[in-house]
Amino acid sequence: MFRWLIITLLALSCQIQAGEHIFVSGGPALRTFERFKKNDHDKYWGNFIDSVVARQKQVRDSYSPDDIVTWLIFREGYVTRGQEEKTDYLPRIENAAKRINAKLIWFDTKQELIDYINKGQDRSIIKIERLEYFGHSNKRCFMFDYSNRLDGAGPDYGMLHLDDLKNLSPSSFDKDAHCQSWGCHSGEEYSGVWYKYVRVPMLGAIGKTDYSKGGVPILSRPENRWHQ
Amino acid sequence: MKHVYSFILLGLCLLSGLIHAQDTAPTTVQENPAAPVESTPAPTASPDIAPTLEPEPVMTVPAEPEPGTAQPEASAISPESEPAAYPTTKIVPKETKPKTPRVIPKTYGDTTGPVYIGHRSIIDRYAGWGWIRAEKDGWRKAKWVMLDEKTGNVKAPGRFLGHPDNDKDNQYRLYGQWAPFKGYEPNFDVLVSVFQIKGFELIGPGEIPKMSPPRSSRGRSNSDGPYQRRAGVSR
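Residues numbered from 1 in each chain as written. Chains lettered and ligands numbered in written order. Predicted model: local features only at pLDDT ≥ 70, side-chain atom pairs only at ≥ 80, totals over all residues. Heavy atoms only, no water.

Draft legend 1. Focus on the interface of chain A and chain B. Counting from both sides, the interface comprises 32 residues of chain A and, opposite them, 35 residues of chain B. Overall, the association of chain A and chain B removes approximately 2600 Å² of surface from exposure, summing both partners, and the carbon and sulfur fraction of that is 52%. Of all residues in chain A, Phe36, Arg140 and Arg149 of chain A give up the largest surface area on contact with chain B, accounting jointly for 23% of the area buried on that side. For the pair chain A and chain B, the number of links is four salt bridges. Linking chain A to chain B there are eight residue pairs in polar contact (both at pLDDT 80 or more). Here the side of chain A that touches chain B is built from residues that sort into eleven nonpolar, ten polar and eleven charged. Bridge count between strand 7 (residues 154-155) of chain A and strand 6 (residues 183-185) of chain B: two bridges; the pairing is antiparallel. Bridging across to strand 6 of chain B, Gly154 of chain A finds its partner in Tyr184 of chain B. (Contact = heavy atoms within 4.5 Å. Buried area = accessible area lost by both parts, 1.4 Å probe. Salt bridge = Lys/Arg side-chain N within 4 Å of Asp/Glu carboxyl O. Polar contact = N/O pair within 3.5 Å; in protein donor to acceptor, adjacent residues only side chain to side chain. Nonpolar A, V, L, I, M, F, W, Y, C, P; charged D, E, K, R; others polar. Pairing = 2+ DSSP bridges. Helix = DSSP H or I, 4+ residues; strand = E, 2+ residues; numbered from the N terminus.)

What follows is the structure in structure tokens.
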């Protein structure tokens, strides 16, 4: 009887150790809107796709064998950019997800993202060990849709604002989870409010980040830095 | 005597060879692809050069004549002086129509349903299209709006002018509806109304409403901001 109890406890502890690594990609802007701006964005449609592939290759060795890799991507941005360029980008993105062994989940609204974080898995067993965001942002908002549906702006359903963070469940996250925003300015205000509600630090940039070199984004200026 | 005949025969052969060479010469000249795309007109044919060797008919016609400019060199050589096999269709410049000026159509799209009055306005480092009010209301009840150009596939009127900002201070009768979602203004951290345009009628230039768009009580959110209408603008 005692032996069975130990085996059950061991099995449970193994289950709890399985974690989830989540990458979130926002969508690109439309060239129709951006080409008139001095500092235009997203000449290349796949900034927030290629950077995730590169990042996943960078960190995959730190995963446990049972860990889950999930890639949440804002679908509407890639559909409309594809229509603009007369190319269907969705199959390319699906192939990229296969290449990095990630489970691809499209989302269309911020609520779908929040729901996945809170209850996309059995969060009593599978905790989020990593959450990294790739996309447009300012210091108060992740903008999954920026200059795509609306010129120079975005619809409210396509962004995760500071005010939305209270809807995230802190119990979804492992206490040692690595959270990072690769968007611009997140370290200036977003990271602080993230910690207040999620109880896990988020690394964010003070200043802008640069995706134009390909691969994992870098800080755009030497004086910029990471902050949490 | 035999030698005399042989010389005559030889002479005839040489002569026929020369004539053949004259016939084929223009073709070889035309193989030079660089000549027709010369950007500057070449000098006209010199009279002491044999017509069989001259590439001048190509060069006398500028490759890209500007509309309305005179082309005296083209008329200096008459069509009769050109060889019969000359490929005139290749060197005649394209008929370039003068560009029609870009204008905003007086009426565009679906112009049925409730009427709104829109004033195109540009505020530096503030996203949006301008002010919109119901036809019966005054400007005091106007809202700062973003245009949703996707739903009805009707673009903002200014895009007809090439640059969306070129219709500043124009007023329009707008047709469409308020979107069920708001637009996030990323520089001032506020949500503003979104108008889904389906058609418009041009009214013309109008006086700008003396109003300010909404701003966040928490202050600006852009730092440098993802949206910049002008580069290098200090915060």
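Draft legend 2. Molecular detail of the sheet that holds strand 8 (residues 159-161) of chain A. Residue and element names in this part refer to chain A. Sheet architecture is open: three strands sit in the order 5-6-8, paired in antiparallel fashion. This sheet does not close on itself; its edge strands, each paired only once, are strand 5 (136-138) and strand 8. Put simply, the sheet's adjacent strands are angled 10° from each other on average, direction ignored. Relative to strand 8, strand 6 (residues 141-143) is paired through three bridges, and the arrangement is antiparallel. When the bridges of strand 8 are listed, Cys141 appears paired with His161. (Axes fitted to C-alpha atoms, helices over the stretch in contact; angles between N-to-C directions.)

Draft legend 3. Examining the side chain of Asp42 of chain A more closely. All names here are of chain A. Mapped onto the elements of the fold, Asp42 is located in the loop between helix 2 (31-34) and helix 3 (47-59). Although Asp42 lies buried, it forms no salt bridge, and the closest oppositely charged side chain, Arg81, sits 5.1 Å away as judged by the N-O distance. One polar contact links Asp42 to His136, side chain to side chain, over a distance of 2.7 Å. Beyond its immediate chain neighbours, meaning those up to four positions away, Asp42 contacts Gly27, Pro28, Ala29, Arg31, Asn47, Phe48, Arg81 and His136. (Buried < 20%, exposed > 50% of the residue type's maximum accessible area, 1.4 Å probe, protein only. Lys, Arg positive; Asp, Glu negative; His and termini not counted.)

Draft legend 4. Up close: the pattern of salt bridges. Residue and element names in this part refer to chain A. Tallying each qualifying case throughout the model produces 25 salt bridges over all chains. Of the charged contacts, one joins Asp108 and Arg75 as a salt bridge, the two residues approaching to 3.4 Å between their closest N and O atoms. Taken together, the residues span a long stretch of sequence, with Asp108 in the loop between strand 3 (103-107) and helix 6 (110-119) and Arg75 in helix 4 (residues 75-84) at a distance of 33 residues. Taking the relative accessible area as the measure of exposure, Asp108 reaches 24% and is therefore partly exposed. Between Lys110 and Asp164 there is a salt bridge, with the nearest N and O atoms lying 3.2 Å from each other. Residue Lys110 is found in helix 6, and its partner Asp164 is found in the loop between strand 8 and strand 9 (173-181); the two are separated by 54 residues along the sequence.

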